[in-house]
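# Reading the structure
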Amino acid sequence: MAKDLKRLGGEGELISQICQGRSDLFYALIEPYERSVFAIAYSVLNNAADAEEVAQEAFLKALKGLGSFRGDAKFGTWLIQIALNEARRRLRQNRSHLHQSLEESYRSEDTDYMPRDVADWREIPSEALERKELRERIEETLKSLRPIYREALVLRDIQHLSVAETSQALGISEDLVRTRLRRARLQMREALAPGYDGSWTCGFKVYKSVRPW
């Protein structure tokens, strides 16, 4: 895909051509970001069907608004911002029957849960993470994180955006990105840490004899 973009003149030239009427080139522009857009939508909604719909809506909005893209941020970051806003809008709609706004779930972080294990979840050896039950547990733990933490973790650790890009995508300071990321990593690590009896303790499930260390 990088070669295709280079052949077409790079993102800047591609955007220029699309804005001049070459809408047939739009897929070449968004293809490198399809997985990232879906991932951030899914991190908010926890539902694959809804995330897919949001991703498609984000692409349509990006196409319609491409003329307003000024290049202050990378195109991918701008696209993820659109997807994130659309996913949050969908989530507010889904929760409207509860008479509770999305902002209530984004309460102050000053009194938030603090994990007891200070290690980083990424330190778990890759051979352990290859185990099916642990992969499933990672997915479950991601879903259990508060949205503000899950979003930061997905963008930074899974989609590999930089801290600056994550900050731009989420519309928060880089320091706040680091704070949310640290807490997300700690909660992931605690959920995946071995129990005191030498087995993996994951919520209500205990996986016997699985010690990756």
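For the structure itself, look to the data block above.
A brief look at the structure comes next.

Cut-offs and rules
Along every chain, residues carry numbers that run from 1 in the direction the sequence is written. Local features in this predicted model are restricted to residues of pLDDT 70 or higher, and side-chain atom pairs are both shown and tallied only at a pLDDT of 80 or more, whereas totals for entire chains, interfaces and linings draw on every residue. With hydrogens and water excluded, all non-hydrogen atoms of the structure serve as input to the side-chain values. Secondary structure elements are taken from DSSP: a helix is a run of H or I of four residues or more, a strand is a run of E of two residues or more, and numbering for both begins at the N terminus. Each residue is placed in one exposure class: buried if its accessible area under a 1.4 Å probe, protein chains only, is under 20% of its type's maximum, exposed if it is over 50%, and partly exposed if it falls in between. In this analysis, two residues are considered to be in contact whenever any of their non-hydrogen atoms come within 4.5 Å of each other. Here the accessible surface of atoms and residues is derived via Shrake-Rupley with a 1.4 Å probe, and residues count as covered only by protein chains that are part of the display. Any two of the Phe, Tyr and Trp rings considered here, Trp counted by its six-membered ring, make a pair once their centres fall within 6.5 Å; the pair's planes then place it as stacked at under 30 degrees, edge-to-face at over 60, or tilted in between. We count a salt bridge whenever a side-chain nitrogen from Lys or Arg sits within 4 Å of a carboxyl oxygen from Asp or Glu. The way it works is a 1 Å grid over only the protein atoms, where trapped points that fit a 1.4 Å probe form a cavity and open points with protein on both sides within 12 Å along at least five of seven lines form a pocket, and then any residue with an atom within 4 Å of a point lines it. Grid points are joined across faces, edges and corners, and a volume is the space filled by probe spheres set on the points. Side-chain classes are defined by residue name, with Ala, Val, Leu, Ile, Met, Phe, Trp, Tyr, Cys and Pro counting as nonpolar, Asp, Glu, Lys and Arg as charged, and the others, Gly among them, as polar. To obtain each axis, a line is fitted to C-alpha atoms, and for helices this fit is confined to the stretch in contact; angles are then taken between N-to-C directions over 0 to 180 degrees. Roughly parallel here means an angle under 35 degrees, roughly antiparallel means over 145, roughly perpendicular means 65 to 115, and every remaining angle is called oblique. Helix crossings are classified by the rotation of the near helix relative to the far one: an anticlockwise turn of less than a right angle makes the crossing left-handed, while a clockwise turn makes it right-handed.

### Description of the overall build of the protein chain
Of the regular secondary structure elements, the protein chain holds 11 helices and 2 strands. When the elements of the protein chain are put in sequence order from the N terminus, they spell out α-α-α-α-α-α-α-α-α-α-α-β-β. Burial statistics for the protein chain: of 213 residues in total, 48% are counted as buried. For the protein chain, long-range pairs separated by at least 24 residues make up 62% of all intrachain contacts whose partners lie at least 6 apart in sequence. Surface summary for the protein chain: the accessible area is close to 11900 Å², and the carbon and sulfur share equals 49%.

### Some details on the packing of aromatic side chains
Scanning the entire structure with this criterion turns up 5 aromatic pairs. Taking 6.0 Å as the distance between ring centres and 20 degrees as the angle between the ring planes, the aromatic pair formed by Phe 38 and Tyr 42 counts as stacked. With Phe 38 and Tyr 42 both in helix 4 (residues 34-45) and 4 residues apart, this pair spans about one turn of that helix. Taking the relative accessible area as the measure of exposure, Phe 38 reaches 29% and is therefore partly exposed. Where Phe 75 meets Trp 78, the ring centres are 5.8 Å apart and the plane angle is 45 degrees; that geometry is what we call tilted. With Phe 75 and Trp 78 both in helix 6 (residues 75-94) and 3 residues apart, the pair spans about one turn of that helix. Given the relative accessible area of 16%, Trp 78 is considered buried. Members of the aromatic cluster, each reached through a chain of ring pairs, are Tyr 33, Phe 69, Phe 75 and Trp 78.

### Here's the deal with the pattern of salt bridges
One pass over the structure, following the stated rule, counts 10 salt bridges. A salt bridge links Lys 74 to Glu 165, with the shortest nitrogen-to-oxygen separation between them at 2.6 Å. Taken as a pair, Lys 74 in the loop between helix 5 (48-65) and helix 6 and Glu 165 in helix 10 (residues 163-170) lie far apart in primary sequence, 91 residues in all. As a salt-bridge pair, Glu 86 and Arg 89 come within 2.3 Å of each other at their nearest N and O atoms. Highlighted residues: Glu 86 and Arg 89, both in helix 6, separated by 3 residues, approximately one helical turn.

### A short note on the layout of surface pockets
Taken as a whole, the largest pocket encloses approximately 280 Å³ of empty space. Lining the largest pocket are 13 residues, and of these Ala 39, Tyr 42, Leu 142, Val 154 and Ile 158 lie nearest its centre. Those elements that place two or more of their residues in the lining of the largest pocket are helix 4, helix 8 (132-144) and helix 9 (147-158). Examining the composition of the lining of the largest pocket, we find that 5 residues originate from one element, helix 4, more than from any other. Its residues assigned to classes, the lining of the largest pocket shows 6 nonpolar, 3 polar and 4 charged.

### Thoughts on the packing of helix 6 against helix 10
Between helix 6 and helix 10, the least distance of the axes is 8 Å, while the angle of their chain directions is 40 degrees. One finds that helix 6 runs oblique with respect to helix 10. The two elements helix 6 and helix 10 cross, and the hand of that crossing is right-handed. Here helix 6 contributes Thr 77, Ile 80, Gln 81, Leu 84 and Arg 88 to the contact with helix 10, which in turn contributes Glu 165, Gln 168, Ala 169 and Leu 170. Broken down by class, the residue content of the contact of helix 6 with helix 10 amounts to 4 nonpolar, 3 polar and 2 charged.

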